[in-house]
Amino acid sequence: MTSPESLADLPGARPVSARETVHHGMVFDIVRDTVEFAPGVRFDREYMRHPGAVAVLAVDDHDRILLIRQYRHPVGHTLWEIPAGLLDVDGEPPQRGALRELAEETGHRAEALSTLVDLRPSPGGSDEVIRIYLATGAVPLRAEEVDFERTDEEAEIETRWVPLADAVAGVLEGRLTNATTVVGVLALQAQRSARDAEALRPADAPFVARPGRDLP
């Protein structure tokens, strides 16, 4: 019988003999790698290069979570989500980026952060990695702490405290479909429901948002 610790994703990128940037985007690039998969086996793969992202699931003393609703143009829907954003500030620790996104998208700050779960939402077509933090002690920002202005889609953001049980039902009934929200909500529910629930990882647990791939 194998140990639970052995059930883990393993690093080990195959050699890349060539790389071409197919498209430089506003936020993401599309690249084409020639992968030396095994002796005599070579193939090309195109995928999105992503800076990585963080998200925050804030929970209060009444077991409610803080959701935002905003328009998402690629899918043509207005979605309920947990606040999230790109790791696009050079040198910014991911937990600080998470607190920044919480403040900018919800107008709240948190007393404490823990690492809830990490995910790769589409590993067949993107190198994106997302860390979801659990935030406790969230309170509205004071007037003097507000130093940002929401623009574009974020200008219409709505916020709502929602009972965790209602969010879980929304996920399982297909009413909530944002991937990060689905994973965060179910991860928190699983952590709460575990018979011997272990403490979550600290906010500064090791996290590589964009693993490097050095060319030969």
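Note that the structure is predicted; figures quoted are calculated from it, not measured. (Residues numbered from 1 in each chain as written. Predicted model: local features only at pLDDT ≥ 70, side-chain atom pairs only at ≥ 80, totals over all residues. Heavy atoms only, no water.)

### Describing the sheet that holds strand E1 (residues 16-24)
Move 1: Read across the sheet, 3 strands follow the order E1-E2-E3 without closing on themselves; strand pairing throughout is antiparallel. The outermost strands of the open sheet, each flanked by one partner alone, are E1 and strand E3 (41-49). On average, each strand axis in the sheet is inclined to that of its neighbour by 20°, with strand direction left out of account.
Move 2: In terms of strand pairing, E1 meets strand E2 (residues 29-38) through 7 bridges, oriented antiparallel. Bridge pairing links Val16 to Val35 in E2. (Pairing = 2+ DSSP bridges. Helix = DSSP H or I, 4+ residues; strand = E, 2+ residues; numbered from the N terminus. Axes fitted to C-alpha atoms, helices over the stretch in contact; angles between N-to-C directions.)

### Here's the deal with the environment of Phe43
Move 1: Mapped onto the elements, Phe43 comes out in strand E3.
Move 2: What Phe43 contacts, discounting residues up to four positions off in sequence, is Asp33, Thr34, Val35 and Phe37. (Contact = heavy atoms within 4.5 Å.)

### Some details on the side chain of Glu81
Move 1: Within the secondary structure layout, Glu81 lies in strand E6 (residues 77-81).
Move 2: By relative accessible area, which is 2% here, Glu81 ends up buried.
Move 3: Separated by 3.4 Å, the side chains of Glu81 and Gln70 make a polar contact. (Buried < 20%, exposed > 50% of the residue type's maximum accessible area, 1.4 Å probe, protein only. Polar contact = N/O pair within 3.5 Å; in protein donor to acceptor, adjacent residues only side chain to side chain.)

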